[in-house]
Amino acid sequence: MAEQKKIAVAGATGRLGRHVVDVLVERGYDVVAFSRADGVDIETGVGLDEALTGVDIVIDASSTPSADQQVATDFFTSSARNLHAAGERAGVERLVVVSIIGIDGSLAGYNAAKLAHEQELLKGALPVQILRAAQFHELVEVMVGWGTQGAVAHVPGMRTQLVAARTVAETLVDLAANPIAAEDIPFPEIAGPQAETMAGAATVLVEARGDALQIIETSDSANPDREQFENGTLLPSPHATLAGPTFAEWISAAALTVR
């Protein structure tokens, strides 16, 4: 039987990272989980050499709370360089990193920062497997919060195929165990089972919460990525893996858990 790999998870306490850690533990892997809370900062490199000692594979599930393009770009490009450098020193075999479906033409904001992240990762010394994911179910509440003004929430027009963070975590772990050759599929994709709009999902959310908040779908002419958001560019490719639950099923399950 092949020796089980030791896998590190960067951003282990985040929205995605905590699910990655859970999946790895459930599958019996030797897991090194770290984040800034543990004194490991992948943006500056502090603590990274020690954290990667003896590690075979790194899953990078880290993110930044800032939607500012420059702040996010600085975080992602610095972390990519640091993971490559520290990983090479530690003898890490490869990196597995999450990104976003359909961002090739992104010009602004977080999506453009993730595109810069991909480009920086692919320059590095270590082999990299980049998984592109659709927007997470968990993002809907965040976007509603950002757009809320009084009794109204303005949600940007966006066609997407929302996916649960847990489902993305399972796919990242699958790729850590069995990478897909870039010549076969340069960017594997994971998305939910059905296309929907962000505003439609937001409506499902507020109705499930029993909230009187009115959802209004908006189109921002000042956003250089508006067309990309609205025309289906962020929907999965034909080669994507589609997996549930749907957003409505996920919300329903969450409501049952709370009761």
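Residues numbered from 1 in each chain as written. Predicted model: local features only at pLDDT ≥ 70, side-chain atom pairs only at ≥ 80, totals over all residues. Heavy atoms only, no water.

Visitor: How should I be thinking about the pairing of strand β2 (residues 30–34) in this particular structure?
Guide: Pairing between strand β1 (residues 6–10) and β2: five bridges, direction parallel. By the bridge assignment for β2, Ala10 is matched with Phe34. In this view, the connection linking β1 to its parallel neighbour β2 by way of helix α1 (residues 17–26) has right-handed handedness. (Pairing = 2+ DSSP bridges. Helix = DSSP H or I, 4+ residues; strand = E, 2+ residues; numbered from the N terminus. Right-handed = clockwise from strand over helix to strand, strands pointing away.)

Visitor: Please explain the sheet that holds strand β7 (residues 152–156) as it appears in this structure.
Guide: In sheet architecture, strand pairing relies on hydrogen bonds along the backbone and comes in two forms, parallel and antiparallel. Read from one edge to the other, the open sheet built from three strands follows the order β6-β7-β11, with strand pairing classed as mixed. The open sheet has two edge strands with one neighbour each: β6 (148–149) and β11 (214–218). Both β7 and β11 contribute to a ladder of five bridges, which runs parallel. By the bridge assignment for β11, Val152 is matched with Gln214. Most of the contacts of helix α5 (residues 139–147) go to β7, to which it runs at about 120 degrees, and overall it touches β6, β7 and β11. The sheet strands contacting helix α7 (residues 198–209) are β7 and β11, and the helix crosses β11 at an angle near 175 degrees. (Contact = heavy atoms within 4.5 Å. Axes fitted to C-alpha atoms, helices over the stretch in contact; angles between N-to-C directions.)

Visitor: Mind showing me how you'd approach the packing of aromatic side chains here?
Guide: To describe a pair of aromatic rings, one takes the distance between the centres and the angle between the planes. A complete count under the given rule lists three aromatic pairs for this structure. Seen from their ring centres, Phe76 and Tyr110 are 5.6 Å apart, and the 80 degrees between their planes marks the pair as edge-to-face. With Phe76 in helix α3 (residues 69–90) and Tyr110 in helix α4 (residues 109–121), this pair connects stretches of sequence that are 34 residues apart. For Phe76, a relative accessible area of 0% corresponds to the buried category. (Phe/Tyr/Trp six-rings, centres within 6.5 Å; stacked < 30°, edge-to-face > 60°. Buried < 20%, exposed > 50% of the residue type's maximum accessible area, 1.4 Å probe, protein only.)

Visitor: Just to check I follow, could you spell out the pattern of salt bridges for this structure?
Guide: Pairing between side chains of opposite charge can happen when their charged atoms approach one another. For the structure on display, the rule yields 14 salt bridges. In this structure, the salt-bridge partner of Glu170 is Arg166, at a minimum N-O distance of 2.9 Å. Pair noted here: Glu170 and Arg166 are both in helix α6 (residues 165–177), with a separation of four residues, about one helical turn. Among the residues examined, Arg166 registers a relative accessible area of 27% and is labelled partly exposed. (Salt bridge = Lys/Arg side-chain N within 4 Å of Asp/Glu carboxyl O.)

Visitor: Sorry if this is basic, but what is going on with the packing of α1 against α6 here?
Guide: Running from N to C, α1 and α6 point in directions that differ by 55 degrees, and their axes come no closer than 8 Å. As far as their axial angle goes, α6 and α1 are oblique. Both α1 and α6 take part in a crossing whose hand is right-handed. The segment α1 lies against α6, with His19, Val20, Asp22, Val23, Leu24 and Glu26 engaging Ala165, Arg166, Ala169, Glu170, Leu172 and Val173. Looking at the contact of α1 with α6, its residues break down into seven nonpolar, one polar and four charged. (Parallel < 35°, antiparallel > 145°, perpendicular 65-115°, else oblique. Left-handed = near helix turned anticlockwise from the far one by under 90°. Nonpolar A, V, L, I, M, F, W, Y, C, P; charged D, E, K, R; others polar.)

Visitor: What should I look at first to understand the side chain of Glu138 in this one?
Guide: Here Glu138 shows up in the loop between β5 (128–133) and α5. Although buried, Glu138 forms no salt bridge, and the nearest oppositely charged side chain, Arg18, lies 5.1 Å from it. Filtering out sequence-adjacent residues up to four positions away, Glu138 remains in contact with Arg15, His19, Val163, Ala164, Ala165 and Trp250. (Lys, Arg positive; Asp, Glu negative; His and termini not counted.)

Visitor: Could you clarify how one ought to interpret the nonpolar core in this entry?
Guide: A general tendency of soluble globular proteins is for nonpolar side chains to be buried together. Ranked by internal contacts, the top residues of the largest apolar core, which has 29 residues, are Leu16, Val20, Leu24, Ile59, Val168 and Leu172. Once you skip the residues sitting within four places of it in the chain, Ile59 turns out to touch Ile7, Ala8, Val9, Ala10, Val20, Leu24, Val96, Leu172, Val173 and Ala176. Of all hydrophobic cores here, the second largest spans 25 residues; its members include Val32, Ile42, Leu83 and Val97. (Core = buried A, V, L, I, M, F, W, Y, C linked by side-chain atoms within 4.5 Å.)

Visitor: I tried to follow unusual backbone geometry on my own but got confused; where do I start?
Guide: Glycine aside, a negative phi is what most residues show, and trans is what most peptide bonds show. For the peptide bond that leads from Gly244 to Pro245, omega is 10 degrees, which places it in the cis range. Within the fold, Pro245 resides in the loop between β12 (241–242) and α9 (247–258).

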